[in-house]
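Descriptive analysis of the structure
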Amino acid sequence: MSMSAIFRLNSTRLALIAGLLTATGVGATEGYHSALPVQGSLPALSGATGWLNGPALTPAQLKGKVVLIDFWTYSCINCIRTIPYIRAWADKYKDQGLVVIGVHTPEFDFEKDDGNIRQAITRFGITYPVAVDSEHSIWNAFHNRYWPALYFVDASGHIRHHQYGEGDYDLSEHVIQDLLAEASGQHTTDEGLVAPQAKGTEVAPDPAGAASDETYIGFDKAEGFASPEGFAENHRQHYSVTNPCLNHWGLTGDWTVHGERATADKTGASIVYRFRARDLHLVLAPGSDGKALRFTVTLDGKAPGDAHGTDTDAQGNGHVDETRLYQLIRQAGDTGEHTFEIRFLDPGASAYAFTFG
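Residues numbered from 1 in each chain as written. Predicted model: local features only at pLDDT ≥ 70, side-chain atom pairs only at ≥ 80, totals over all residues. Heavy atoms only, no water.

Labelled according to an unreviewed UniProt entry, the chain appears under the name Thioredoxin family protein, originating from Luteibacter anthropi.

Written as structure tokens, this is what we have:
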């Protein structure tokens, strides 16, 4: 199922729940019980390969607390844009009985590295505990399929609500308030909603005029590949591309394309993508020695100027020094179709996936 379809189905269901919450009144009376249905029980968290920002937690230890489980992975743009709200809720409601747990379940192999996860936790200012789910054990226990995915658990250990994908933050916070009111059994007043100040890659997407979706570079999941040579799987090959159409892309120069990524084998290797969106991001990695590798980007053959992202300057210059998502373009105003190119000035960098916003 596509993410857009998930959003449509989820929004319909959440609208019904929102009406239910409005009709019931959050925390309106003594002995309040939420009308949210029970969707299951909190599974064991014992499948984590490690815990960061705190000791391991169990369902038994969490009884009496309202728990928010956030499945995320650190290079996922949808997860990154959700984090400001997760941080804000963790801070606002921690003294009222809310426990937030991030479950880091990787999509790419490099996201299994504890060092990379630690860097991401620091970069995003995450202070709540994070279960490292590198074997997908907790993911499977929840029968989860999406990043991000939020599960809202009541004080008795029952899952009462879930949210797949980014968005619907107001309703999610109302659910937190509702379950906290149920846990206390006491009257609560409207506390209002958080309004986190997001910046960089955390800023919400601009759907107006957006027409480009996540695109994988490795041959396992690649779509829209326009280089006429086709993939030489796991072998070095010289590629070319000219004028790809919307949401098509190609390689130029010498590359080795693997299942998850493509690695630039020679100075001057580039990726060209025809896209339509405000923001363009690319998940990149340096070489095995970790040395910073230089690149330059253009928009319609020119330096991006004011349309540069947080990881490039106005001349389009940037460098890859860690394995993560890089924001390369952020436009203002008209976001019509454009041709993007990233050219690597040093060999050895790997590209995994484009995302947009």
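Counted under the stated rule, the structure contains 1 cavity of 30 Å³ or more. Together, Leu42, Pro59, Leu62, Lys63, Lys65, Val67, Val153, Asp154 and Gly157 line the largest cavity. For the lining of the largest cavity, the class distribution of residues is 5 nonpolar, 1 polar and 3 charged. (1 Å grid on protein atoms, 1.4 Å probe; cavity = no way out; pocket = protein on both sides within 12 Å on 5 of 7 lines; lining within 4 Å. Points joined across faces, edges and corners; volume = space filled by probe spheres on them. Nonpolar A, V, L, I, M, F, W, Y, C, P; charged D, E, K, R; others polar.)

Time to look at the pairing of strand β13 (residues 279–285). Most of β13 is tucked away, with 7 of its 7 residues classed as buried. Burial along β13 is two-sided: Asp279, His281, Val283 and Ala285 and Leu280, Leu282 and Leu284, pointing in opposite directions, are all buried. Of the strand pairs in this sheet, β13 and strand β16 (residues 324–330) are connected by 6 bridges, and their pairing is antiparallel. Within β16, the position partnered with valine 283 by the bridge is leucine 325. Two elements, β13 and strand β18 (residues 350–356), share 6 bridges in a ladder whose sense is antiparallel. When the bridges of β18 are listed, valine 283 appears paired with alanine 353. (Buried < 20%, exposed > 50% of the residue type's maximum accessible area, 1.4 Å probe, protein only. Helix = DSSP H or I, 4+ residues; strand = E, 2+ residues; numbered from the N terminus. Pairing = 2+ DSSP bridges.)

This paragraph deals with the packing of aromatic side chains. Inspection of every chain in the model, using the stated rule, returns 25 aromatic pairs. Judged by centre distance (3.7 Å) and plane angle (5°), the ring pair of tyrosine 85 and tyrosine 169 falls under stacked. Of this pair, tyrosine 85 sits in helix α3 (residues 77–93) while tyrosine 169 is found in helix α6 (residues 169–184), placing the two residues 84 residues apart along the sequence. With centroids separated by 6.4 Å and ring planes inclined at 45°, the aromatic side chains of phenylalanine 231 and tryptophan 249 adopt a geometry described as tilted. Taken together, the positions of phenylalanine 231 in the loop between β8 (215–216) and β9 (236–239) and tryptophan 249 in strand β10 (residues 249–257) put the pair 18 residues apart, joining distant regions of the chain. The exposure class of phenylalanine 231 is partly exposed, given its relative accessible area of 27%. What links up through ring pairs into an aromatic cluster is the set Phe71, Trp139, Phe142, Tyr146, Trp147, Tyr151 and Tyr164. (Phe/Tyr/Trp six-rings, centres within 6.5 Å; stacked < 30°, edge-to-face > 60°.)

A word on the packing of α3 against α6. The geometry of α3 relative to α6 is characterised by a closest axis approach of 11 Å and an angle of 25° between their N-to-C directions. Here α3 is positioned roughly parallel relative to α6, judged by the angle of their axes. Of the two elements, α3 crosses α6, and the hand of that crossing is right-handed. Of α6, the residues touching α3 (which contributes Arg81, Thr82, Tyr85, Trp89, Lys92 and Tyr93) are Tyr169, Ser172, Glu173, Ile176, Gln177 and Leu180. (Axes fitted to C-alpha atoms, helices over the stretch in contact; angles between N-to-C directions. Parallel < 35°, antiparallel > 145°, perpendicular 65-115°, else oblique. Left-handed = near helix turned anticlockwise from the far one by under 90°. Contact = heavy atoms within 4.5 Å.)

Moving on: the pattern of salt bridges. The full count for this structure, using the stated rule, is 18 salt bridges. Glutamate 173 is the partner of lysine 92 in a salt bridge, and the nearest nitrogen-oxygen pair spans 3.0 Å. Of this pair, lysine 92 sits in helix α3 while glutamate 173 sits in helix α6, and the two are 81 residues apart along the sequence. Note that aspartate 346 is salt-bridged to arginine 294, the shortest N-O span being 2.9 Å. Here aspartate 346 is found in the loop between β17 (338–344) and β18, whereas its partner arginine 294 is found in strand β14 (residues 293–299), with 52 residues between them in sequence. A residue is classified by how much of its surface remains accessible, and aspartate 346, at 17% relative accessible area, is buried. (Salt bridge = Lys/Arg side-chain N within 4 Å of Asp/Glu carboxyl O.)

Let us now look at the environment of histidine 235. With respect to the secondary-structure elements, histidine 235 resides in the loop between β8 and β9. Separated by 122 residues in sequence, histidine 235 and aspartate 113 place their C-alpha atoms 26 Å apart. Setting aside its immediate chain neighbours within four residues, histidine 235 contacts Trp255, Thr256 and Val257.

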